[in-house]
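What the coordinates show
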Amino acid sequence: MVRMSAEERRESVVRAAVAEFARGGYHGTSTEAIARRVGVSQPYLFRLFPNKQAMFLAAAERCLADTTRVMTEASEGLEGEAALHAMANAYQRLIADDPQKLLMQMQMYVAVATAEAAGDHEFGDTVRAGWQTLWDTVHLALGADVDETTTFLAYGMLINTLVSLGFPSGHRIWSGFHGEARPSES
């Protein structure tokens, strides 16, 4: 059996945290479930991360970084409409191929809103920073046009909502979207 380094183990914890938090949310996920998924003890988990919040924020950072990477790769060498369509297509594939990404995004928004409502304004700093990086990436790919960036991301959030609600790709609610922004036929 090959022994994992602390960094490899940390990476496996982040992957497990994404899966568990995507499914159960911040408050509904136990660190025990994450430890079990990784195959480590809870005390070992807390040697890698100081607390549950740090695990959640690492999972959120990963989710946003992966989405940003997908946008960067899709738009590389493209401009304007070509970049917009490539990013829309890439995002649609991302959430179709890895539904945990969409669920984790939704859980991030809930967790930050809950923390904000409870007066914890620092909890969301990491998520806001990751979202700002995503916004900047899309913004540059769309020629630094604020209106285009806002519209693109607004459509993305609408897509998140419609996919989360389970509207099938052929439903009339998708009729205003470009083809590549619609969910794939199952």
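Residues take numbers from 1 onward in each chain, read along the sequence in its written order. Side-chain atom pairs in this predicted model are given and counted only at pLDDT of 80 or more, local residue features only at pLDDT of at least 70, and totals for whole chains, interfaces and linings cover all residues. No hydrogens and no water enter the side-chain calculation; it runs on all heavy atoms of the structure.

Section: the overall build of the chain
To be explicit about the condition: Secondary structure counts use DSSP, requiring at least four H or I residues in a row for a helix and at least two E residues in a row for a strand, with both numbered from the N terminus. In this description the radius of gyration comes from C-alpha coordinates, and the expected globular size is given by 2.2 Å times residues to the power 0.38. For each residue, the accessible area found with a 1.4 Å probe, counting protein chains only, is set against the maximum for its type, and the residue is called buried under 20%, exposed over 50%, and partly exposed in between. Should any heavy atoms of two residues lie within 4.5 Å, those residues are counted as being in contact.
Along the backbone of the chain there are 8 helices and 0 strands. Beginning at the N terminus, the succession of helices and strands in the chain can be written as α-α-α-α-α-α-α-α. Scaling as 2.2 N^0.38, a compact globule of 186 residues should have a C-alpha radius of gyration of about 16 Å, and the chain matches this with 18 Å. Seen through its C-alpha atoms, the chain measures out along the principal axes to roughly 50 × 45 × 35 Å. The buried share of the chain, reckoned over its 186 residues, is 42%. Counting contacts in the chain only where the partners sit at least 6 residues apart, residues at least 24 apart contribute 58% of the total.

Here we look at the packing of aromatic side chains
Inclusion rule: A pair of Phe, Tyr and Trp rings is counted when the ring centres sit within 6.5 Å of each other, with Trp represented by its six-membered ring. The angle between the planes then sorts it: under 30 degrees is stacked, over 60 is edge-to-face, the rest tilted.
As enumerated under the stated definition, the model contains 7 aromatic pairs in all. For the ring pair Phe56 and Phe123, a centre distance of 5.8 Å and an interplane angle of 25 degrees mean the geometry is stacked. Taken as a pair, Phe56 in helix α4 (residues 52-75) and Phe123 in the loop between α6 (99-117) and α7 (125-141) lie far apart in primary sequence, 67 residues in all. As far as the burial class goes, Phe56 and Phe123 line up, both buried. The interplanar angle of 80 degrees and the centroid separation of 5.4 Å between the aromatic rings of Tyr155 and Phe177 together place this pair among those described as edge-to-face. One end of the pair, Tyr155, is in helix α8 (residues 146-164); the other, Phe177, is in the segment after α8, and 22 residues separate them in sequence.

Side note on unusual backbone geometry
One non-glycine residue, Ala144, lies in positive phi territory at about 60 degrees. Within the secondary structure, Ala144 is located in the loop between α7 and α8. Taking relative accessible area as the criterion, Ala144 reaches 42% and is therefore assigned partly exposed.

Side note on a negative patch on the surface
Selection rule: Without a salt bridge and with relative accessible area above 30%, a residue can belong to a patch; like charges are then joined within 9 Å and nonpolar side chains (Val, Leu, Ile, Met, Phe, Trp, Tyr) within 5 Å. Areas reported here follow the Shrake-Rupley algorithm with a probe of radius 1.4 Å; residue values treat only the protein chains shown as occluding. Any carboxyl oxygen of Asp or Glu that lies within 4 Å of a side-chain nitrogen of Lys or Arg is treated as forming a salt bridge with it. Under this rule, positive means Lys or Arg and negative means Asp or Glu; His and the chain ends count for nothing. Here the site of a charge means NZ on Lys, CZ on Arg, CG on Asp, or CD on Glu.
On the surface, a cluster of negative charge is made up of Glu81, Asp145, Asp147 and Glu148. Relative to the assigned elements, Glu81 resides in helix α5 (residues 80-97).

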